[in-house]
Amino acid sequence: MIIDDGMLFRPAEEKDAGILVSLYDQAARWMRKQGIEQWKPGEKDAAHFRAVMREGEVWLAQDADGRVVGAYELWWSDEEAWGVQPPVAGYVHRLMVERDAAPAGAGLRILEHAEWRIGRTGRERARLDCVSTNPRLLAYYRSAGYRVVGEFPSKQSRDGRVYGVILLERRLDV
């Protein structure tokens, strides 16, 4: 367990898949209420999160009482959006915050933990993508020190929907 200013971080286990699905669905419903077309409730199931745990990493953020207040996925490659790349980066996906329980600033602290985890492997860059129709999220990541390095205009979801993503990266002190 890694403690960061009262938030505890731990790798997710298979038994946590249901919690992750619930967190994802809650975030998707919040986005919809905000008019953000990005995630859809029911789009990610327990099998999705278990597969990421096998191929990459999934981390949970908990408060001092052990309640899950957020999570993120960490991939070691993302050829679908970034193409074939040398192993110099970690790719942050599905950064989620439990809006009713998370302390203020939790999203940024979770992102910082992801950067710390990437840096611990000796990789010098944190990368992520942001749907191009979400200017608030783009501004959030830019204010966290990420810079736009490209755009992938035709990413395709499982349901066949095509959408654009903006590629962002931050150099880490390793």
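The paragraphs below set out a description of the structure included in this document. Not measured: the values here are computed from a predicted model.

A closer look at the pattern of salt bridges
And then number 1: Within this structure, the stated rule accounts for 12 salt bridges.
And then number 2: A salt bridge links Arg10 to Asp16, with the nearest nitrogen and oxygen atoms 2.8 Å apart.
And then number 3: Among the residues examined, Arg10 registers a relative accessible area of 13% and is labelled buried.
And then number 4: Under the relative-accessibility criterion, Asp16 is labelled buried at 2%.
And then number 5: Taken together, the shared-partner salt bridges connect Glu124, Arg125, Arg127, Arg147, Glu169 and Arg171 into one network.

Observations regarding the side chain of Gln62
And then number 1: Following the sequence through the fold, Gln62 ends up in strand E3 (residues 57–62).
And then number 2: Side-chain polar atoms of Gln62 contact the side chain of Arg10, separated by 3.4 Å.

A closer look at helix H4 (residues 106–120)
And then number 1: Across its 15 residues, H4 extends 21 Å between first and last C-alpha, which sits within 8% of the 21 Å expected from 1.5 Å per residue.
And then number 2: For H4, every residue scored as buried is listed here: Ala106, Gly107, Arg109, Ile110, Leu111, His113, Ala114, Glu115 and Ile118.

Observations concerning the environment of Arg171
And then number 1: In this fold, Arg171 is placed in strand E8 (residues 162–171).
And then number 2: A C-alpha to C-alpha distance of 32 Å links Arg171 and Ala46, two positions 125 residues apart in sequence.
And then number 3: Apart from residues lying up to four places away in sequence, Arg171 is in contact with Glu124 and Arg125.

Some thoughts on the environment of Gln85
And then number 1: The residue Gln85 is located in the loop between helix H3 (79–82) and strand E5 (89–97) in this model.
And then number 2: You can call Gln85 partly exposed: its relative accessible area is 33%.
And then number 3: Distance in space between the C-alpha atoms of Gln85 and Tyr72 is 21 Å, their sequence separation being 13 residues.
And then number 4: In this view, Gln85 contacts Tyr91 and Arg127; residues no more than four positions away in its chain are not counted.
And then number 5: Of note is the side chain of Gln85, whose polar atom sits 2.9 Å from the backbone oxygen of Trp82.
And then number 6: At a separation of 3.4 Å, a polar atom in the side chain of Gln85 contacts the side chain of Arg127.

Observations concerning the packing of aromatic side chains
And then number 1: For the structure on display, the rule yields 4 aromatic pairs.
And then number 2: When the ring of Trp82 is compared with that of Tyr91, the centres are 5.8 Å apart and the planes differ by 65°; the resulting orientation is edge-to-face. By the burial criterion, Trp82 is buried, and Tyr91 matches it.
And then number 3: In this structure an aromatic cluster arises from ring pairing among Tyr140, Tyr141 and Tyr146.
And then number 4: The positively charged end of Arg99 is found above the aromatic ring belonging to Trp30, 3.6 Å away from the centroid.

Focus on the nonpolar core
And then number 1: Counting residues in hydrophobic clusters, the biggest one holds 27 residues, and the most contacted among them are Val92, Ile110, Leu111, Tyr141, Tyr146 and Leu168.
And then number 2: Elements with a contribution of two residues or more to this core: strand E2 (7–11), E3, strand E4 (68–75), E5, H4, strand E6 (125–131), helix H5 (135–143) and E8.
And then number 3: With 5 residues, H4 is the largest single contributor of residues to this core.
And then number 4: Residue contacts for Leu168: discarding those within four places in its chain leaves Trp82, Ala126, Arg127, Leu128, Cys130, Leu138, Tyr141, Arg142, Tyr146, Arg147, Val148 and Val149.
And then number 5: Grouped together as the second largest cluster of nonpolar side chains are 18 residues, Leu20, Ala27, Trp39 and Val58 included.

Reading guide: rules and limits
- Going along each chain's sequence as written, the residues are numbered from 1 onward.
- Confidence filtering applies because this is a predicted model: local features only for residues at pLDDT of at least 70, side-chain atom pairs given and counted only at 80 or more, and all residues used for totals across whole chains, interfaces and linings.
- Note that the side-chain values use all heavy atoms of the structure and ignore hydrogens as well as water.
- When a carboxyl oxygen of Asp or Glu lies within 4 Å of a side-chain nitrogen of Lys or Arg, that pair is called a salt bridge.
- Using a 1.4 Å probe on the protein chains alone, a residue whose accessible area is under 20% of its type maximum counts as buried, one over 50% counts as exposed, and one in between counts as partly exposed.
- Elements are defined by DSSP. Helices are runs of H or I of four residues or more, strands are runs of E of two residues or more, and each kind is numbered from the N terminus.
- Any pair of N or O atoms that falls within 3.5 Å is considered a polar contact. Within protein, one atom must be able to donate a hydrogen and the other to accept it, and sequence-neighbouring residues count only if both atoms are side-chain atoms.
- Here the expected length of a helix is defined as 1.5 Å per residue gap, with one fewer gap than residues.
- Here a residue-residue contact requires only that any non-hydrogen atoms of the pair lie within 4.5 Å.
- What counts as a ring pair is set by centres within 6.5 Å for rings of Phe, Tyr and Trp (its six-membered ring), and what kind of pair is set by the plane angle: stacked under 30 degrees, edge-to-face over 60, tilted for all other angles.
- We call a charge positioned above a ring when the Lys NZ or Arg CZ atom is no farther than 6 Å from the ring centre and deviates by at most 35 degrees from the ring normal.
- Among the buried residues, those of types Ala, Val, Leu, Ile, Met, Phe, Trp, Tyr and Cys that are joined through side-chain atoms within 4.5 Å form a nonpolar core.

Such coordinate-based values are descriptive only and should not be taken to indicate function.
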